[in-house]
Amino acid sequence: MTKIILTQDQINTDIYARLEKIESLLVEKKHAKTKENKSENFSGAKGGIRLLITKGFFSKKRNAPETKAELDKLEYFYNIQVVQTTLNRLSSKTGPLIAMSDKEKKIYVKRK
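Residues numbered from 1 in each chain as written. Predicted model: local features only at pLDDT ≥ 70, side-chain atom pairs only at ≥ 80, totals over all residues. Heavy atoms only, no water.

Student: Hey, could you run me through the environment of L71 in this one?
Tutor: If you trace the backbone, L71 turns up in helix 3 (residues 64–73). A C-alpha to C-alpha distance of 6.6 Å links L71 and G48, two positions 23 residues apart in sequence. If we skip the residues at most four places from it in the chain, L71 touches G48, I49, L52, Y76 and V83. (Helix = DSSP H or I, 4+ residues; strand = E, 2+ residues; numbered from the N terminus. Contact = heavy atoms within 4.5 Å.)

Student: Mind showing me how you'd approach the sheet that holds strand 1 (residues 62–63) here?
Tutor: Across a sheet, paired strands are connected by hydrogen bonds in the backbone, their directions being either parallel or antiparallel. Strand order in the open sheet formed by three strands is 1-3-2, with antiparallel pairing between adjacent strands. Across the chains shown, the open sheet's two edge strands, defined by having one partner strand only, are strand 1 and strand 2 (97–102). Direction of pairing for strand 2 relative to strand 3 (residues 105–110): antiparallel, over a ladder of six bridges. Looking across to strand 3, one finds that I98 is bridged to V109. (Pairing = 2+ DSSP bridges.)

Student: Whenever I open this one, the packing of aromatic side chains confuses me. Can you help?
Tutor: Two numbers describe a pair of aromatic rings. These are the distance of the centres and the angle of the planes. Counting across every chain of the model gives one aromatic pair. Between the aromatic rings of F57 and F58, the centroid separation amounts to 5.1 Å while the plane-to-plane angle is 85°, which identifies the pairing as edge-to-face. Both residues of the pair, F57 and F58, belong to the buried class. The ring of F57 is capped by R62, whose NZ or CZ atom sits 4.2 Å from the centre of that ring. (Phe/Tyr/Trp six-rings, centres within 6.5 Å; stacked < 30°, edge-to-face > 60°. Buried < 20%, exposed > 50% of the residue type's maximum accessible area, 1.4 Å probe, protein only. Lys NZ or Arg CZ within 6 Å of the ring centre and 35° of its normal.)

This is the structure in structure tokens:
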């Protein structure tokens, strides 16, 4: 039984190769989570708000009543609770909106 003696350069090369393999696996999974939905189906409350996002409505700070009024103009008729819930869900960690509070009211703006 013979022992293989490795030099410090061989050990470092092996460690770096293993690290690169692990990092490439982590980066691939990270990109899979931030996948964007590119479909053009604007049905439902979520679709109406996504339509407003594409039209640039959320380039300025907007609150839920303003959003509801704009949806009414586009013939998306929903209760304010439905609009608020949809806005909250679209302002999640990977969503297209950001939620902030301004004078104790929640406002939404497009994520940059």
